[in-house]
Amino acid sequence: MSLQVALSRIPVEATFIVVDGNGEMVKDAYVVLKLSQYYTTSAEPSKPAYVLAGRYSVQVVCKGSIILYPAPVDVRESGVYRIVINPSML
Amino acid sequence: MAVLQAPWGSYTLQATASAYENYTAPLTIPSPGEASGTLEANLTLEMHATTLLMRVVDSETGIPIPAKATVTSSEIPYEATVDTPPEGGTQLRITSGRYVIHVVAPGFEPKNVTIDVTGNTYTINISRKLSRVTMSLVDSITGALVPVSITVSGPLYQTLGLGNTTILAASGAAQLVLLQGITYTISITPSNHTTTQEPSRSHLETPQ
């Protein structure tokens, strides 16, 4: 007898703040979070979003540009996550 | 039927038969002047009552198993069903003789035994019906195997030593050995406290 149990991920409340290299908040920038090909979500600028805990690849969408954040972001618990981008890429 | 010839007078009549109580009664054979020469007597013997003591145990460990035992006789019209408690045996007041005992217990092979009841304690060994369950624990989003610890609880699981109460499945897979036809409670906890999965608790009923 074989049994496969699918474990649910923990939902967390995460706020993503996008800042430039000077620590200034980049307005109107929102983030797209990709956990797998089956789960992608997004968060509005500086607003809490309910997402599933996990290691995400992150894209920042701002002023018509999409920036792929180079490092994965571990979202393990509720809180504020700072995404630092290079403004020259905007 | 037996025919006895005896002179007239007072006697004590005794009759014995296997599985029956001894019969004793006074008998007077009248003198020839009082009655004709033939006297008929019907004797009714009571069957010998005894106590059937039964214990149903796991054949591997000898641990008492709660079971249902149906006792029937091919010699006399008799059938009774009793529960054997897990803490020990059960007893039944019946007449001596040959009986068939049919034992059923969840998770075990049914068994028939034929015994001659003479007042002893009878231990009936029953064999486990085991089910091997291969579990894989996957992330609902990515499908990747997740290292977990699995806690198993259910009737006789610990008592019979079927496995550890808590099983570490570091690879995200585990094999459980369980009795068939039993409902177990399986609690699954991601083994790494920094993991992102929620603990899970479910009931697993193994097929018959």
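None of these values were measured; they are calculated from a predicted model. (Residues numbered from 1 in each chain as written. Chains lettered and ligands numbered in written order. Predicted model: local features only at pLDDT ≥ 70, side-chain atom pairs only at ≥ 80, totals over all residues. Heavy atoms only, no water.)

Draft legend 1. Up close: the overall build of chain A. Along chain A, the regular secondary structure elements total 0 helices and 9 strands. Counted from the first residue to the last, chain A has its helices and strands arranged as β-β-β-β-β-β-β-β-β. Overall size of chain A, expressed as C-alpha extent along the three principal axes, is 55 × 20 × 20 Å. When each of the 90 residues of chain A is scored for burial, the buried share is 42%. Counted over contacts in chain A with a minimum sequence separation of 6, partners at least 24 positions apart contribute 54%. When the 8 basic and 7 acidic side-chain charges of chain A are each reduced to a single mean position, those positions are 6 Å apart. (Helix = DSSP H or I, 4+ residues; strand = E, 2+ residues; numbered from the N terminus. Buried < 20%, exposed > 50% of the residue type's maximum accessible area, 1.4 Å probe, protein only. Contact = heavy atoms within 4.5 Å. Lys, Arg positive; Asp, Glu negative; His and termini not counted. Charge placed at Lys NZ, Arg CZ, Asp CG, Glu CD.)

Draft legend 2. Looking closely at the pattern of salt bridges. Inspection of the entire model under this criterion finds 8 salt bridges over all chains. Among the salt bridges present, the one from Glu60(B) reaches Arg128(B), with a minimum N-O distance of 3.6 Å. Placement of Glu60(B) in the loop between β3 (49–58) and β4 (67–73) and of Arg128(B) in the loop between β9 (121–126) and β10 (130–139) is noted, with a sequence separation of 68 residues between them. Taking the shortest distance from any N to any O, the salt bridge between Asp116(B) and Arg98(B) comes out at 2.9 Å. Taken as a pair, Asp116(B) in strand β8 (residues 111–117) and Arg98(B) in strand β7 (residues 97–104) lie far apart in primary sequence, 18 residues in all. Given a relative accessible area of 40%, Asp116(B) falls into the partly exposed group. A single salt-bridge network, built from bridges that share partners, covers Arg55(A), Asp74(A) and Arg76(A). (Salt bridge = Lys/Arg side-chain N within 4 Å of Asp/Glu carboxyl O.)

Draft legend 3. Highlighting the sheet that holds strand β2 (residues 11–19) of chain A. Residues and elements named next belong to chain A. Strands sit in the order β5-β2-β9 across an open sheet of 3 strands; the sheet is mixed. The open sheet has two edge strands with one neighbour each: β5 (48–52) and β9 (79–84). The average angle at which neighbouring strand axes cross in this sheet is 45°, direction not considered. Looking at chain direction, β2 and β9 are connected through 6 bridges and run parallel. Bridging from a neighbouring strand, Thr-15 pairs with Val-80 of β9. (Pairing = 2+ DSSP bridges. Axes fitted to C-alpha atoms, helices over the stretch in contact; angles between N-to-C directions.)

Draft legend 4. The nonpolar core, seen in detail. Counting 46 residues, the largest nonpolar core has Leu52(B), Ile101(B) and Ile150(B) as its most contacted members. Element by element, the count of residues in this core is highest for strand β13 (residues 173–179) of chain B, at 4 residues. Two domains each donate at least three residues to this core, and these are domain 1 (50–126) and domain 2 (130–197) of chain B. Every residue in contact with Ile101(B), bar those within four places of it in the chain, is listed here: Leu52(B), Met54(B), Ala69(B), Thr70(B), Val71(B), Lys111(B), Asn112(B), Val113(B), Ile115(B) and Ile124(B). Formed by 27 residues, the second largest nonpolar core is a distinct cluster that contains Ala29(A), Val31(A), Leu33(A) and Val60(A). (Core = buried A, V, L, I, M, F, W, Y, C linked by side-chain atoms within 4.5 Å. Domains from an automatic or database assignment.)

Draft legend 5. Up close: the interface of chain A and chain B. Contacts between the two partners involve 19 residues from chain A and, on the opposite side, 24 residues from chain B. For the pairing of chain A and chain B, the buried interface totals around 1800 Å² over both sides, and the portion due to carbon and sulfur atoms is 62%. Viewed at the interface, chain B and chain A are joined by 1 salt bridge. The salt bridge involving Asp139(B) is made with Arg9(A); its shortest N-O contact spans 2.6 Å. Between chain A and chain B we count 10 residue pairs in polar contact (both at pLDDT 80 or more) in total. When contributions to the side of chain A that touches chain B are tallied by element, the ones reaching two or more residues are β1 (2–7) and β3 (30–36) of chain A. (Buried area = accessible area lost by both parts, 1.4 Å probe. Polar contact = N/O pair within 3.5 Å; in protein donor to acceptor, adjacent residues only side chain to side chain.)

Draft legend 6. Geometry of unusual backbone geometry. Residue and element names in this part refer to chain A. Positioned with a positive phi, Ser-46 is a non-glycine residue whose angle comes to about 60°. Note on placement: Ser-46 falls in the loop between β4 (39–43) and β5. Even without being a glycine, Lys-63 presents a positive backbone phi close to 50°. Mapped onto the elements of the fold, Lys-63 is located in the loop between β6 (54–62) and β7 (65–68). Overall, the relative accessible area of 70% leaves Lys-63 in the exposed class.

Draft legend 7. Just the domain arrangement of chain B, in detail. All names here are of chain B. Domain annotation of chain B identifies domain 1 (50–126) and domain 2 (130–197). One C-alpha centre belongs to domain 1, the other to domain 2; they are set 35 Å apart. Facing 7 residues of domain 1, the contacting portion of domain 2 comprises 6 residues. Summing the contributions of domain 1 and of domain 2, the shared interface buries around 510 Å²; its carbon and sulfur component is 76%. Across the contact surface, domain 1 and domain 2 share 1 residue pair in polar contact (both at pLDDT 80 or more).

Draft legend 8. Representation of the side chain of Thr41(A) within the structure. Its place among the elements puts Thr41(A) in strand β4. Look past the residues within four positions of Thr41(A) in its chain and what remains in contact with it is Val31(A), Val32(A), Leu33(A) and Val51(A).

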